[in-house]
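The primary structure of each chain is shown beneath.
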Amino acid sequence: MTLTFLPSAWSAKGFNCRPSGLLKLNLGEQVATQGSGILAGRYPHRPRLGEASPLKGARRIAGWIRPQVPEASDGILTSAGICEGFAGAGVSRSVLIFAGFAGLVAGTLAMGAVEYSKLRAERDRQVAQLATERVRLETAPDAELDELTKLYVSRGLSPDLARQVATELTTHDALAAHAEAEYGITSTSLTSPLRDALAMSAAFAAGAVLPWLAIVLIPGPSRAPVTFLIVLAALALTGWISARISDVHPMLPMVRTASIGGLSMLITYFAGKLLLP
Ligand SMILES: [Zn+2]
């Protein structure tokens, strides 16, 4: 049996580990038995370099869109709440335009700032853990090998097999092996604070602009109810996209997302009516 590990982007991420690439562990039937629920779960099969994968592009796009969908829903909900609230208060169109726009900008900036701070802290923690691990590997390699072996034993491998796995992974890329086993840090789990925060802000803004445009462009007294329906449809769409990406039946996520949004808009609309100037 051949297991293929591909800690591909470690060097590209700036860790200056040993050269990365494919590591094939020929562990025979032992791993086929012992590791079926352990290694297979921890290290799912990935296509080898150059291996054709027709779904690769679609998966990559889905992987990029997936974390942005909640932010887009957040943007739709926040903006719709502000717009409906001001519409309920019966303010003039110009005030409505300004209030909706201010909410859009403030929400987008807040989303970016909060996410950046959070991801920056996470990144700093990951970098500190890797630095500590690198020092340990240089100063106490034997103890580190024992530690890695124990980790694999605790996950169900026999001591001999755990030792073999730990030794081969250490030979290949010790830092990558320890980072993954001890901290769950992989090349793909490393955060990129600025990029991710910008992506989330953009998703929030893309969602928030919809209710604002609706409230700005729809004339007369039908403004609030038509915006309400447009927002419900948009939220149902985000529920559908989330469900399709997660490969679950879309009906429940669509109804749930739209219901929460509808309730939220009704509350803000009537809150606006109550606080009518
Ligand atoms: Zn370690």
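Residues numbered from 1 in each chain as written. Predicted model: local features only at pLDDT ≥ 70, side-chain atom pairs only at ≥ 80, totals over all residues.

1. With respect to the overall build of the protein chain
Secondary structure assignment for the protein chain yields ten helices and two strands. Along the protein chain, from the amino end to the carboxyl end, the secondary structure elements read β-β-α-α-α-α-α-α-α-α-α-α. Counting every position in the protein chain, which comprises 277 residues, the buried fraction comes to 32%. Across the protein chain, the fraction of contacts at a sequence separation of at least 24, relative to all contacts at a separation of at least 6, is 74%. (Helix = DSSP H or I, 4+ residues; strand = E, 2+ residues; numbered from the N terminus. Buried ≥ 20, exposed ≤ 12 C-beta atoms within 10 Å, placed from the backbone. Contact = placed C-beta atoms within 7 Å.)

2. Observations regarding the nonpolar core
I76, C83, A87, F204 and V231 are the most contacted members of the largest nonpolar core, which totals 33 residues. Within the residue set of this core, elements represented by two or more residues are helix 4 (69-88), helix 5 (93-139), helix 8 (193-217), helix 9 (223-246) and helix 10 (251-274). Sorting elements by how many residues they give to this core places helix 8 first, with ten residues. In terms of nonpolar packing, the next biggest core, distinct from the first, is built from 16 residues, L148, A176, A181 and I185 among them. (Core = buried A, V, L, I, M, F, W, Y, C linked by C-beta atoms within 7 Å.)

3. Looking at the confidence of the model for the protein chain
The predicted model of the protein chain averages 81 in pLDDT, with 80% of residues at 70 or higher. Across the protein chain, the element-wise mean pLDDT spans from 38 in strand 1 (residues 2-5) up to 95 in helix 6 (residues 141-154). Note on residues 1-52: pLDDT under 50 across the span, and 68 contacts to partners over four residues away in sequence or across chains. (pLDDT = per-residue confidence, 0-100.)

4. With respect to helix 5
With 47 residues, helix 5 should reach 69 Å at 1.5 Å per residue; the first-to-last C-alpha distance of 69 Å fits that figure. Buried residues of helix 5: L96, G100, G103, L104, G107, T108, M111, G112, E115 and L130, and no others. Those residues of helix 5 hidden inside the fold are in contact with helix 4, helix 7 (159-183) and helix 8. (Expected span 1.5 Å × (residues − 1).)

5. Here's the deal with the packing of helix 4 against helix 5
At a closest axis distance of 9 Å, the pairing of helix 4 and helix 5 adopts a crossing angle of 150 degrees. On the basis of their axis angle, the class for helix 4 and helix 5 is roughly antiparallel. Every pair of crossing elements has a handedness; the one defined by helix 4 and helix 5 is right-handed. Taking contact as the criterion, the partners of E71, G75, T78, S79, I82, C83, F86 and A87 in helix 4 are, on helix 5, V95, L96, A99, G100, G103, L104, G107 and M111. (Axes fitted to C-alpha atoms, helices over the stretch in contact; angles between N-to-C directions. Parallel < 35°, antiparallel > 145°, perpendicular 65-115°, else oblique. Left-handed = near helix turned anticlockwise from the far one by under 90°.)

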